[in-house]
Amino acid sequence: MDPIIIAKKISIDFKIYENLRSFKRQALNSLVGGSYLTDDKKNLMLRALNNISFEIAKGEKVGLIGPNGSGKSTLLKCISGIYPPTTGEIKIIGEVGSLIDISAGIEPDADCLTNLRLLALARGLKMKKIVEIEDQIIEFSELREHMGMQFKNLSTGMSMRLLFAVATTIIPDILIMDEIIGAGDEHFKNKAKSKIKEIITSNRTLVIASHDLSILERICSRLIILNKGNIVYDGNVALGIKKIKNENITIEN
Amino acid sequence: MQLIRILITHLVNYDRWFYPGIISLKIRYSRTTLGPLWETIAISIFIGFAGFLWSKIFKIDIQNFIPHLFCGMVIWKFYATVISSSSLTYVENAALIKSIKHEYITHNLKCVFRDFLIFLHNLPICFLVVFYFNGFNLNILYLFLVFPIVIISAFFISYILSLVCLRYRDLHYLIQSLMQLIFFFTPILWKPDQVESKVSLFIIKPNIIYHYVEIIRAPILGSPPPLLSLGATIIFMFFLLFFVNFLYKKYNNRIPYWL
């Protein structure tokens, strides 16, 4: 099948603006996964992704795994178009939707209906479309009677239900996820699970970062292991998990 | 020009800045009875008392001075709010910028739209004061000519400040301090004809904010916008356009990296 995500030798460097002394650099180096380098102006840079290449075909379900700071979130954001590569090239064919931070765009002081609209607008929907589908979102969140309440007054479970309902209503062809999202009480968790299953089992392309091996084993057809910004494994999920276990690769810090 | 194309697209598809702009204004005044009218009341009380007092102290004709002060303060407040809120725009929207790919200029459109709405709330009080002291004048219609210049320039300034203050975090504080200084150098609390022509030549005329104030103030006070101010603001607007276009092309992609 033709690839719809093509990454060629991409690197992502973050300039460190804080003035760090050498011992702080070393301390940071051991705490975060990326590696430090300096650019031609002697600025301190953190290399989050190091010259990586891969292709993802339409409909593929790809899991990203690796220790904290290995570059998973940076790679997801790069595919989402948030971080353009510092060097190299990434080509995306199709529309990408990211569920990286589903609460981004929330106004805690506004009511829930307003927040529903703000979140949907932030995800690229037009107001006309939002008005058409908002009833469906409210129905799914089971928060109809709370829509006039300020978002900040919702319980954690309730707010997650609303966020989940909005985030999973607008799903484009290529879906980027940072951990599986779930929400609410047992009843809603089951509902959320089947919604996620519906999204995952569809013909969409999925790239998901997770620390949970069992989730990746269940939903992914391919596994990419990242470490310090490098791809150390790219292939079959079962073999990848075997590699993690055999080589004692730490996936949770 | 790529920037103009994107800008027009987002002005036509106004959902992403219009609704959030209205909501951010509503939130700011949530649970208050008078809402944004508090701005108008606060400014009216201050200028009413201060204007009366200063006109007595400096022995200025109250009929000319009070409308001048009212309009100047309301217009200055708009520019000062745009400048101050723009310098933190991207920092305040960091979560969104770092999680969903979108056009970052929508945050500037939202910011300028919200601040302009507040300005429109305060504007009627200027009309009332001018009407009370000087009567009605049709030159007020020049506002329709100058508002596009003001809004477009405010957007460009907003983008420049958001970007530059994001990269250099100290600038926000520097700008706040400078604005206080510029306020006293701009004829708001005093009138240009109160100073010598040398001061006017070296302090008032080179001050672009004075020209931006004057193109709005003059029509409200009953005269057409001065040609010098109109010319200066139009030229400055085009200068801003080219500068914004340069920044957009070179640094817009860097915004998530700088957060």
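In what follows, the structure referred to is the one given above.
The structure contained in this document is the topic of the report that follows. (Residues numbered from 1 in each chain as written. Chains lettered and ligands numbered in written order. Predicted model: local features only at pLDDT ≥ 70, side-chain atom pairs only at ≥ 80, totals over all residues. Heavy atoms only, no water.)

## Let's talk about the pairing of strand β7 (residues 174-178) of chain A
Residue and element names in this part refer to chain A. With 4 of 5 residues buried, β7 is to be regarded as a mostly interior element. Pairing between β7 and strand β8 (residues 205-209): 5 bridges, direction parallel. Across the sheet, D178 pairs through a bridge with A209, a residue of β8. (Buried < 20%, exposed > 50% of the residue type's maximum accessible area, 1.4 Å probe, protein only. Helix = DSSP H or I, 4+ residues; strand = E, 2+ residues; numbered from the N terminus. Pairing = 2+ DSSP bridges.)

## Notes on the interface of chain B and chain A
The partner chain A presents 31 residues to the 22 residues of chain B that form the contact. Between chain B and chain A the total buried area reaches about 2300 Å² when both faces are included, carbon and sulfur atoms providing 60% of it. Scanning the region where chain B abuts chain A turns up 0 salt bridges. Of all elements in the fold, only α2 (15-28), α6 (94-97) and α13 (255-258) of chain B reach the threshold of two or more residues within the side of chain B that touches chain A. Per-element accounting of the side of chain B that touches chain A gives the leading share, 6 residues, to α2(B). Split into classes, the residues belonging to the side of chain B that touches chain A amount to 12 nonpolar, 3 polar and 7 charged. (Contact = heavy atoms within 4.5 Å. Buried area = accessible area lost by both parts, 1.4 Å probe. Salt bridge = Lys/Arg side-chain N within 4 Å of Asp/Glu carboxyl O. Nonpolar A, V, L, I, M, F, W, Y, C, P; charged D, E, K, R; others polar.)

## Things to note about helix α8 (residues 143-167) of chain B
Here α8(B) is 25 residues long and its end C-alpha atoms lie 35 Å apart, about the 36 Å a rise of 1.5 Å per residue gives. Most of α8(B) is tucked away, with 18 of its 25 residues classed as buried. (Expected span 1.5 Å × (residues − 1).)

## Looking at the packing of helix α1 (residues 2-12) of chain B against helix α12 (residues 227-251) of chain B
Residue and element names in this part refer to chain B. Running from amino to carboxyl end, α1 crosses α12 at an angle of 95 degrees, the nearest separation of the two axes being 9 Å. In terms of orientation, α1 lies roughly perpendicular with respect to α12. Only L241, V244, N245, Y248 and K249 of α12 make contact with α1, whose side of the interface consists of Q2, L3, I4 and I6. (Axes fitted to C-alpha atoms, helices over the stretch in contact; angles between N-to-C directions. Parallel < 35°, antiparallel > 145°, perpendicular 65-115°, else oblique.)

## Re the packing of aromatic side chains
Within the structure shown, the criterion is met by 29 aromatic pairs over all chains. For the ring pair A:Y83 and B:Y257, a centre distance of 5.0 Å and an interplane angle of 45 degrees mean the geometry is tilted. You can see A:Y83 sitting in the loop between α2 (72-80) and β5 (87-92) and its partner B:Y257 sitting in helix α13, one on each of two chains. Given the relative accessible area of 6%, B:Y257 is considered buried. (Phe/Tyr/Trp six-rings, centres within 6.5 Å; stacked < 30°, edge-to-face > 60°.)

## Some words on the sheet that holds strand β4 (residues 61-65) of chain A
All names here are of chain A. Reading across from one edge, β6-β7-β8-β4-β9-β10 is the order of the 6 strands in this open sheet, with mixed pairing throughout. Sheet topology places β6 (96-99) and β10 (230-235) at the edges, where each strand pairs with a single neighbour. On average, each strand axis in the sheet is tilted by 15 degrees relative to the strand beside it, whichever way the strands run. Across 4 bridges, the pairing between β4 and β8 is parallel. Its bridge partner being in β8, L64 is matched across the sheet by A209. Strands β4, β6, β7, β8 and β9 (222-227) of the sheet are contacted by α2, whose axis makes an angle of about 155 degrees with β7. The sheet contacts of helix α8 (residues 237-246) involve β4, β9 and β10, and relative to β9 the element is tilted by about 30 degrees.

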